[in-house]
Amino acid sequence: MLSSLGNICVIIGAQWGDEGKGKLVDILSEEFDIIARSAGGANAGHTIYVEGRKFVFHLIPSGLLHKGKVGIIGNGCVVHLPTLFQEIEDLKSYGVSPDGRLFLSDRAHLIFEYHIKIDCIQEERKGKQSVGTTKRGIGPAYTDKASRIGIRAGDLVSGFEAFSEKFRTNITRHGEMYGFLEENPQEFEEYIAKQLEEYRGYSEKLKNMIIDTTEYIRDTRRKGKIILVEGAQGTHLDIDFGTYPFVTSSNTTVAGACSGTGIAPSKVESVIGILKAYTTRVGSGPFPSEDTGEDGEKLRKIGGEYGATTGRPRRCGWLDIAVANYSALVNGVDYWNVTKLDVLSDFPTLKIITGYKYKGKNLKSFPASIDVLSKVEPEILEMSGWQEDISKCRKFEDLPKNAQKYIKKIEELTNTPVKYIGVGMNRDAMIMG
Ligand code: GDP
Ligand code: IMO
Ligand code: MG
């Protein structure tokens, strides 16, 4: 197949997640053959609306509603198998089967119940300093990976005895450290036996699904197949470039898309940054453009800003160009998809944060310190809004003049073209550039 986006395109969230990545992935999947997830796990919630029906993807790539497309869960992901199988069932009940076209990297790390337990314990112990994680076991699973004790999908199919041994060692080690070993040794043994039985079942089911996905990508590329990489989370949740420590535990940027799939960086031909027309954040951490007043409340209400994974209300605020520009820098964004522009209809005045001042001086770079970031004074540009319903607009020229000006201002301030503009929830509600 041929796409104007080249043979390998990466889609990346430019803010703190939930920018609307899933919707563009679903739309563009029509022109790609393979859709790959590269990082994160079921902390992601990517929502698609097709003809009024809603589907939320967590682990499965968001392109699989299109029949015949292949999905890959790459080596950079962390996977809770019961959640994966539940999602497969949900997809089937939606009328779409991923059987035979969904592959899981043998190098992807597994999340077990004990990771989820540890995530909850760590959050509780942090008290006021808690990250506000999704409690899906993400951080603890990546910690095991970095500590070189993790258990990978490939372990499940390469030899069940060795897998069982690793499982037993890890659960005992973590149980001792976090104090959740069953007091009754017999009950603990029974729990381990039950878990292993469950995973033996998965190992059977996954025999043909767990493969070296990097070699699969190479082989299919040789046959002319083209690939869309679906980022999860957002750049400012990246473990290196995000608002550390209020971040996730993976690289959510383009670099992570490469290391999390085995695609060589030089082969990526286009990068699309997903930029919500305003800003949201779930969980703790600094958020300079947050509006805790009426406007923030209105954005949450009109934008339906409640987490797709946890249902938590999202914190809302205005578009922040400092955030966008840092994402453009780190990811080498070629084009923006500005999403949810329709949500801004009906605001008499719109605000854009163009930069920050700190102690009275303009900040030249995006601060690494959350202490600094939480004390910056945002510089605000006000623009006139529009009152028309834009959800039926399908061409840039159809948009009200003030909406056009808003988009042009984003292009000017970020020096990056806007190629796609989201004007509603449904698959067809997108101005395609
Ligand atoms: P993701 O995690 O980046 O895929 O985004 P989420 O699915 O968590 O959150 C984005 C929400 O906005 C979802 O409910 C989408 O259906 C919705 N959405 C995406 N694009 C648009 C848009 O252009 N307009 C409106 N009104 N909703 C949108
Ligand atoms: P998608 O792919 C929004 C946030 C959590 C928390 C922090 C760490 O749907 O955009 P974790 O469970 O990863 O250890 O939580 O990161 N977070 C997200 N916020 N969208 C997401 O995914 C997120 N995934 C994680 O709220 O603040
Ligand atoms: Mg989401």
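So, here's what we can say about the structure. (Residues numbered from 1 in each chain as written. Chains lettered and ligands numbered in written order. Predicted model: local features only at pLDDT ≥ 70, side-chain atom pairs only at ≥ 80, totals over all residues. Heavy atoms only, no water.)

### Side note on the overall build of the protein
- Check the secondary structure of the protein and you find 13 helices and 20 strands.
- A compact globule built from 433 residues would reach a C-alpha radius of gyration of about 22 Å, and the protein, at 22 Å, matches this within 12%.
- With respect to the principal axes defined by its C-alpha atoms, the protein has extents near 70 × 50 × 40 Å.
- Within the protein, buried positions represent 56% of all 433 residues.
- Put simply, the protein shows about 18600 Å² of open surface, and 49% of that area lies on carbon and sulfur atoms.
- Across the protein, the centroid of the 56 positively charged side chains sits 3 Å from that of the 57 negatively charged ones. (Helix = DSSP H or I, 4+ residues; strand = E, 2+ residues; numbered from the N terminus. Rg over C-alpha atoms; globule rule 2.2 N^0.38 Å. Buried < 20%, exposed > 50% of the residue type's maximum accessible area, 1.4 Å probe, protein only. Areas by Shrake-Rupley, 256 points an atom, 1.4 Å probe, with all protein chains shown as cover. Lys, Arg positive; Asp, Glu negative; His and termini not counted. Charge placed at Lys NZ, Arg CZ, Asp CG, Glu CD.)

### Considering the site of ligand 1
- If you check the shell around ligand 1, you find 19 residues, and the closest are Gly20, Lys21, Gly45, Thr47 and Asp342.
- Note that an oxygen atom of ligand 1 is positioned 3.5 Å from one of the side-chain N or O atoms of Lys23.
- A distance of 2.8 Å separates an oxygen atom of ligand 1 from a polar backbone atom of Gly45.
- For the shell around ligand 1, the elements supplying multiple residues, two or more each, are helix 1 (21-28) and strand 3 (46-50). (Near = heavy atom within 4 Å. Polar contact = N/O pair within 3.5 Å; in protein donor to acceptor, adjacent residues only side chain to side chain.)

### Structural notes on the environment of Phe396
- With respect to the helices and strands, the residue Phe396 is situated in the loop between strand 18 (377-384) and helix 13 (401-414).
- Along the chain, Phe396 and Tyr420 lie 24 residues apart, while their C-alpha atoms are 9.4 Å from each other.
- Beyond its immediate stretch of four places on either side in the chain, Phe396 contacts Gln404, Ile407, Lys408, Ile421 and Ile431. (Contact = heavy atoms within 4.5 Å.)

### Here's the deal with the nonpolar core
- Within the largest apolar cluster, 51 residues are counted, with the highest numbers of intra-cluster contacts made by Trp336, Leu341, Leu344, Leu399 and Tyr406.
- When residues in this core are grouped by element, the largest group, 4 residues, is from helix 13.
- What Leu341 contacts, discounting residues up to four positions off in sequence, is Ala277, Trp386, Ile390, Leu399, Ala403, Tyr406, Ile407, Ile421 and Gly422. (Core = buried A, V, L, I, M, F, W, Y, C linked by side-chain atoms within 4.5 Å.)

### Here we look at the site of ligand 2
- Among the 20 residues in the neighbourhood of ligand 2, the closest are listed as Asp18, Lys21, His46, Thr134 and Thr248.
- Here Asp18 contributes a backbone N or O atom positioned 2.8 Å from an oxygen atom of ligand 2.
- Asn43 is positioned with one of its side-chain polar atoms (N or O) 2.9 Å from an oxygen atom of ligand 2.
- About the coverage of ligand 2: the protein hides 97% of its 550 Å² of free accessible area.
- In the shell around ligand 2, the residues fall into 7 nonpolar, 10 polar and 3 charged. (Nonpolar A, V, L, I, M, F, W, Y, C, P; charged D, E, K, R; others polar.)

### Some remarks on the side chain of Glu123
- Summarising the element assignment, Glu123 is placed in helix 3 (residues 113-126).
- Sequence-distant contacts of Glu123, defined by excluding residues within four places in its chain, comprise Ser130, Val131, Gly132, Thr133 and Lys135.

### Structural notes on the packing of aromatic side chains
- Taken as a whole and assessed by the stated rule, the structure comprises 19 aromatic pairs.
- Seen from their ring centres, Phe85 and Tyr202 are 5.0 Å apart, and the 5° between their planes marks the pair as stacked. Remark: Tyr202 occurs in helix 7 (residues 185-205) and Phe85 occurs in helix 2 (residues 81-93); sequence separation between them is 117 residues.
- What makes Phe85 buried here is its relative accessible area of 13%.
- Look at Phe241 and Tyr326: their rings are 6.4 Å apart centre to centre, the planes differ by 65°, and that puts the pair in the edge-to-face class. Pair noted here: Phe241 is in the loop between strand 10 (227-230) and helix 9 (254-259) and Tyr326 is in helix 11 (residues 321-331), with a separation of 85 residues, a long-range link.
- According to the relative accessible area criterion, Tyr326 is partly exposed, its value standing at 21%.
- Taken together through their ring pairs, the aromatic side chains of Phe85, Phe112, Tyr114, Phe160, Phe163, Phe167, Tyr199 and Tyr202 make up a single cluster.
- The lysine or arginine in question, Arg53, covers the ring of Tyr94, its NZ or CZ lying 3.9 Å from the ring centre. (Phe/Tyr/Trp six-rings, centres within 6.5 Å; stacked < 30°, edge-to-face > 60°. Lys NZ or Arg CZ within 6 Å of the ring centre and 35° of its normal.)

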